[in-house]
Amino acid sequence: MECCRRATPGTPFLLLAFLLLSSRTARSEEDRDGLWDAWGPWSECSRTCGGGASYSLRRCLSSKSCEGRNIRYRTCSNVDCPPEAGDFRAQQCSAHNDVKYHGQFYEWLPVSNDPDNPCSLKCQAKGTALVVELAPKVLDGTRCYTESLDMCISGLCQIVGCDHQLGSTIKEDNCGVCNGDGSTCRLVRGQYKSQLTATKLDNTVVGIPYGSRHIRLVLKGPDHLYLETKTLQGAKGENNLSSTGIFLVDNSSVDFQKFPDKEILRMAGPLTADFIVKIRSSGPENSTVQFIFYQPIIHRWRETDFFPCSATCGGGYQLTSAECYDLRSNRVVADQYCHYYPENIKPKPKLQECNLDPCPASDGYKQIMPYDIYHPLPRWEATPWTACSSSCGGGIQSRAVSCVEEDIQGHVSSAEEWKCMYTPKMPTVQPCNIFDCPKWLAQEWSPCTVTCGQGLRYRVVLCIDHREVHTGGCSPKTKPHIKEECVIPTPCYKPKEKLPVEAKLPWYKQAQEFEEGAAVSEEPSFIPEAWSACTVTCGVGTQVRIVRCQVLLSFSQSVADLPVDECEGPKPASQRPCYAGPCHGETPEFNLEETDGLLGGLQDFDQLYDWEYEGFTKCSESCGGGVQEAVVSCLNKQTREPVDENLCVTSRRPPQLLKSCSLDPCPARSRRDIGRTASGHLGY
């Protein structure tokens, strides 16, 4: 094998040469560094805040050139500057304000984010388009770009990580945590559509809390954005954002751009106050606002230490818990604040045994039994739920939940809540009866009660519950009206006496019944059955009938009986007197006192004879539109027989009632028919 091959006489020499070469190479690296003097002290930082640069030098000790650099840099003063300090690049531009440029003084403003040469000092003369490079290099420590930690050193842009180390590639996550995983904030994005009215000219778009970052809003439309702020100390402010520019609002930088058809708002953050973005109406058209930002999770769960042991000796248990902690105020708050964030998962309590030493009063030995078998753990117990606070539309019911523990003998007693915190506490409040309350359901209007002029139309209004079943429980105050006036544009052929909408004359009611019929409709109404036969064969007797409140259910095409109070108006009489004519040819004479109780005070007997409509005459035309006139007769209202018109009161005679008929156009006649007609007229 090759590994066992015998060494040749030259092998020791080659090995020695290799070792000498390796030693010389290592020595040359040491000599290279040895040609340099030691590094000198670090210089003063180029800035006092906001991140600057410091350098250190070393000398070359060789007469020849040394490999490597004679200067090194590091960052320094990595603390935030106070808001009033202003931008470092802007300070360098303003230093030239008192130096004439081409014979004229200017107020210079910084030009940032130059993609070609970010480390040159370019400034723009205020109020002009003049941009000038006032210096080839900015001062060390100047940021290369406004939203980056990279800094200019000796005219070159150097990478700076969020750990403030030169050459570091470590970056902040979206929450502003260096090398973080993004778990301390949440992305919020959405869209708002303005719904402004003449009485409400502004509205809230979104609230952006303290500490939020990377905020961007875009408004499209004629409306206008403005800001309201509230600091942690409670101070309030407002900014109308009237023009394009970069503003400082409560120590937070706001970049606002205004265009003819849109507005763009950017804030890098973190915000130093709670911001409320609002919209103000500026035109008849609606606007939309799209927004996105990272909201800090300012309430987080914090695990507590173990609570005191449940026993001083002989074996007990102790638990940890979790409390909701406000990172801004550094205090414990109610648990509901932590439940607001879905990312927040409450840690489960930990349970451990404690004080396992025997109690002094015992024989010095006590076996520790598993708690889940011989000594049950404390547990939550709840009382029954209370009655729901609302019968419909969503209510709440509550119960009491307490921590109890059971001893070895099975006796249950109250315990401190922390003992049960190893399991979630049962809810003490829950929603109930979340189904919708009964509501009025109005159906379609009926046809108008007349064929010309002014009349009435009706509709069914039912109280429907969440199961789509007709029921009660709706508020009478909110019930839609069931009838309204209607006008038929077809003119009546003769002037018709104008009657009140709610005319009470018996003949008018009868006219409506004649036109509409007595059938059940979609409007809850009283439906009487036919009168029974008169109880006597002559003289004055009594008739009775059944009157029901009914409605036609359009969705099932069935008739339903309703409670009497569902029908509007007076209930028709279910009993009335009747007159069967004189007995044995006697002259009809009646004792009104005998019939008062029978008539029920309605005085129907005084109206035993009255005018009523009885159909219509034949149409005046067979086609092309004609007229029918209602026939008016004087009737005995009990026997329904026509009587002499002198028995009816003349002043109560109803007006003439007309309706159109034969509205179809007449067929066109042929020339042959016209010729025959003409011949007939000429007598041929």
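Our subject is the structure that appears above.
Residues numbered from 1 in each chain as written. Predicted model: local features only at pLDDT ≥ 70, side-chain atom pairs only at ≥ 80, totals over all residues. Heavy atoms only, no water.

A. The arrangement of the overall build of the chain in detail. Within the chain, the secondary structure is distributed over six helices and 40 strands. Looking at the 684 residues of the chain, the share that counts as buried comes to 31%. Taking the intrachain contacts of the chain between residues at least 6 apart in sequence as the baseline, contacts between residues at least 24 apart amount to 59%. Summed over all atoms, the accessible surface of the chain reaches about 43200 Å², with 52% contributed by carbon and sulfur. (Helix = DSSP H or I, 4+ residues; strand = E, 2+ residues; numbered from the N terminus. Buried < 20%, exposed > 50% of the residue type's maximum accessible area, 1.4 Å probe, protein only. Contact = heavy atoms within 4.5 Å. Areas by Shrake-Rupley, 256 points an atom, 1.4 Å probe, with all protein chains shown as cover.)

B. Fine view of the packing of aromatic side chains. Tallied over the full model, the rule gives three aromatic pairs. Considering the side-chain rings of Tyr101 and Tyr106, the 6.4 Å spacing of their centres and the 65 degrees angle between planes classify their relative orientation as edge-to-face. Taken together, a centroid distance of 5.7 Å and an interplanar angle of 90 degrees make the contact between Tyr101 and Trp108 edge-to-face. Since its relative accessible area comes to 22%, Tyr101 is described here as partly exposed. Judged by its relative accessible area of 3%, Trp108 is buried. Put simply, the rings of Tyr101, Tyr106 and Trp108 pair up and form one aromatic cluster. When the ring centre of Phe88 is taken as reference, the NZ or CZ atom of Arg47 above it lies at 4.1 Å. (Phe/Tyr/Trp six-rings, centres within 6.5 Å; stacked < 30°, edge-to-face > 60°. Lys NZ or Arg CZ within 6 Å of the ring centre and 35° of its normal.)

C. The sheet that holds strand β24 (residues 379-382), seen in detail. Spatial ordering of the open sheet is given by β24-β26-β27, a layout of three strands whose pairing is antiparallel. At either margin of the open sheet sits one strand with a lone partner, and together these are β24 and β27 (412-414). Taking the axes of each pair of neighbouring strands and ignoring which way they run, one obtains an average angle of 50 degrees across the sheet. Direction of pairing for β24 relative to strand β26 (residues 401-406): antiparallel, over a ladder of four bridges. Residue pairing for β26: Trp380 is matched across the bridge by Cys403. (Pairing = 2+ DSSP bridges. Axes fitted to C-alpha atoms, helices over the stretch in contact; angles between N-to-C directions.)

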